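Fold and geometry: a report
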Amino acid sequence: MKTKLLQGIAAATLALTAGTAQAEEVIGYDLNGEIPVVVETAAPDHLDGALNTIRSGWTFRDESTKTMQMDDFDNPGMLAVEEAEAAWSTAEGSEGKSCADCHGAAEDMAGVKPVYPKYVEAAGEVRTLQMQMNDCRENRMGADPWKYDASAAVAMEALLSSVSRGLPMNVAIDGDAAETWEEGKELYYTRTGQLQLSCANCHEDNYDNLIRADHLSQGHTNGFPVYRLKNTKLNGVHSRFKGCVRDTRAHTYSPGSPEFVALELYVASRSNGLSVEGPSVRN
Amino acid sequence: MKRTMIALFATTLCFGTAQAAEVSPGDVEFDGYEVAASLTGAPGDPEAGRNIVTNKSLGNCVSCHAAEAYADVPFHGEIGPWLDGAGGRWSEAELRGLVVNAKMAFDGTMMPAFYKTDGFVRLGDAYTGNAHPEDKPVEPLLTAQQIEDVVAYLMTLTE
């Protein structure tokens, strides 16, 4: 165990040194000693120089928090994943069906998480993973939808994320998704509340700086859901957004609102190229 | 000595104008980015100002600005410049303008306007995340007295 840890750190150090030449892919760690995780890479073109290099939230955390995420045995977020695994094959609702009845093993869903949120043709709108999960619950299982960011929903999202770890984030921003993406971008740069701060003020202009005791990251979503040591549970993307907007002394949007769906699409597109890491660990 | 004289002078001024009314956020007169006149008609208290600058639930300047001058307070931010020497770099009128509304001096700055009550997008009810009630008057982040206290403290940061 100890040697494994040291190797991980050594690999991370090596990788970070190698990454000094800008825009090269940096492997931060090998998840469970097996899956290489890209924690730094060239920014997607649509950022148009606003950032040159994108860095996972993992790179901004302290060594002990980082280490917890490198091995499933140490990752407290994996407990919720285990619970979701049980839920995956448990029949619910009037149709007597489980997720597994239609989708097979959870591992077969690898590759789904990196492309969400996405435009869903049948629905005629951009949807998050949680919206799609609820669509299955209501229309295929005859079960009640989960409340947005409720613990069962976030745990299931964590399961779907966990089987995609190591794959690059790759949400589409063109075609039918373009309009929603533009709305999200507009929200990202809008200065809200009495403090008049936008997402960009903190996560684009000031990442790597301390704001009080917080070390600001670039605010990516590739690590979601995140297990926070502060509230000892898994947290969804929209709940994080809500907290950030509240901190500008603003009237927030609600988890699951069209505004946060658009914002999630836009923010996810800023992480395109970073590996899926959720569930990750944060302070 | 110098301070007592200024204080005396200010008191006289106050009486002179028969209880000078506080300048409300909408009535602050800017000359460029400077605000020459005290918002209360009286000088501030630098000790109280230090508390406002370093206290999370008051000015919370410390969350963005570090300074040797308040090294005893934990968790200095790195967003804005160090505040040591601010009283040497800037005049009182400039500092008042910066604290009232730094956007007048630095276009697009991240620094919030501490004495302003309109022009916000989705104004919330403090940190609740709820909308600010329509029928409730909007309070500036700091009162006129607090602004003057902060300015008085910044003036002491000469090195």
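Scroll up to find the structure this text is about.
Before going into details, it helps to say that this report is about the structure given with it.

Parameters and conventions
Residues numbered from 1 in each chain as written. Chains lettered and ligands numbered in written order. Predicted model: local features only at pLDDT ≥ 70, side-chain atom pairs only at ≥ 80, totals over all residues. Heavy atoms only, no water. Helix = DSSP H or I, 4+ residues; strand = E, 2+ residues; numbered from the N terminus. Buried < 20%, exposed > 50% of the residue type's maximum accessible area, 1.4 Å probe, protein only. Contact = heavy atoms within 4.5 Å. Areas by Shrake-Rupley, 256 points an atom, 1.4 Å probe, with all protein chains shown as cover. Rg over C-alpha atoms; globule rule 2.2 N^0.38 Å. Lys, Arg positive; Asp, Glu negative; His and termini not counted. Charge placed at Lys NZ, Arg CZ, Asp CG, Glu CD. Pairing = 2+ DSSP bridges. Axes fitted to C-alpha atoms, helices over the stretch in contact; angles between N-to-C directions. Buried area = accessible area lost by both parts, 1.4 Å probe. Salt bridge = Lys/Arg side-chain N within 4 Å of Asp/Glu carboxyl O. Polar contact = N/O pair within 3.5 Å; in protein donor to acceptor, adjacent residues only side chain to side chain. Nonpolar A, V, L, I, M, F, W, Y, C, P; charged D, E, K, R; others polar. Core = buried A, V, L, I, M, F, W, Y, C linked by side-chain atoms within 4.5 Å.

Quick word on the overall build of chain B
Looking only at helices and strands, chain B features 5 helices and 0 strands. Starting at the N terminus, the α and β elements of chain B follow one another as α-α-α-α-α. Among the 159 residues that make up chain B, the fraction classed as buried is 43%. Looking at chain B alone, contacts between residues at least 24 apart form 55% of all its contacts between residues at least 6 apart. Looking at chain B as shown, the accessible area adds up to about 8,800 Å², and 57% of this sits on carbon and sulfur atoms.

Section: the overall build of chain A
Along the backbone of chain A there are 10 helices and 10 strands. For 283 residues, the compact-globule estimate of 2.2 N^0.38 gives 19 Å, and chain A sits close to it at 18 Å. Principal axes of the C-alpha set define a box for chain A whose edges measure 55 × 50 × 35 Å. The 283 residues of chain A split such that 52% are buried. With the model as given, the accessible surface of chain A reaches about 12,500 Å², and the carbon-plus-sulfur share is 50%. Charged side chains in chain A number 25 positive and 41 negative. The centres of these two groups are separated by 8 Å.

Observations concerning the pairing of strand β2 (residues 35-42) of chain A
A regular strand carries its side chains on alternate faces of the sheet. All names here are of chain A. For strand β1 (residues 26-31) and β2, the ladder comprises 5 bridges, and the chain directions are antiparallel. Bridging from a neighbouring strand, Y29 pairs with V37 of β2. In textbook terms, the turn of a hairpin is the stretch between consecutive antiparallel strands, and for β1 and β2 this stretch comprises 3 residues, one of which, N32, has a positive phi near 55°.

Thoughts on helix α9 (residues 237-246) of chain A
An α-helix turns once per 3.6 residues; consequently, residues spaced three or four apart project the same way. Three or more residues of α9(A) are buried, namely V237(A), H238(A), F241(A), G243(A) and V245(A). Of the surrounding elements, those touching the buried residues of α9(A) are β9 (233-235) and α10 (258-270) of chain A.

Details of the sheet that holds strand β3 (residues 53-55) of chain A
Residue and element names in this part refer to chain A. The strand order across the open sheet formed by 3 strands is β1-β2-β3, and the pairing between neighbours is antiparallel. Each edge of the sheet is formed by a strand with only one pairing partner; in this case those strands are β1 and β3. Between one strand and the next, the sheet's axes are offset by a mean angle of 30°, whatever the strand orientation. Strand direction decides the pairing type here: β2 and β3, joined by 3 bridges, are antiparallel. Across the sheet, T41 pairs through a bridge with I54, a residue of β3.

So, the interface of chain A and chain B
Between chain A and chain B, the residue contacts involve 25 residues of the former and 33 residues of the latter. Carbon and sulfur atoms supply 55% of the area that chain A and chain B bury against each other, a total of about 2,600 Å² over both sides. For the pair chain A and chain B, the number of links is 0 salt bridges. Here chain A and chain B share 10 residue pairs in polar contact (both at pLDDT 80 or more) between them. Secondary structure elements with two or more residues in the side of chain A that touches chain B: α8 (199-203) and β6 (210-211) of chain A. Residues belonging to the side of chain A that touches chain B are distributed by class as follows: 9 nonpolar, 10 polar and 6 charged.

Some remarks on the nonpolar core
Taken as a class, soluble globular proteins show a tendency for nonpolar side chains to be buried jointly. Within the largest apolar cluster, 36 residues are counted, with the highest numbers of intra-cluster contacts made by I211(A), L39(B), Y70(B), Y115(B), I147(B), V150(B) and L154(B). Among the secondary structure elements, those contributing two or more residues to this core are α2 (46-54), α4 (92-101) and α5 (144-156) of chain B. Counting residues per element, this core draws most heavily on α5(B), at 6 residues. The residues contacting L154(B), other than those within four sequence positions of it, are L83(B), A86(B), G87(B), L95(B) and V99(B). Ranked by size, the runner-up nonpolar core spans 27 residues in total, among them A200(A), V245(A), Y253(A) and F260(A).

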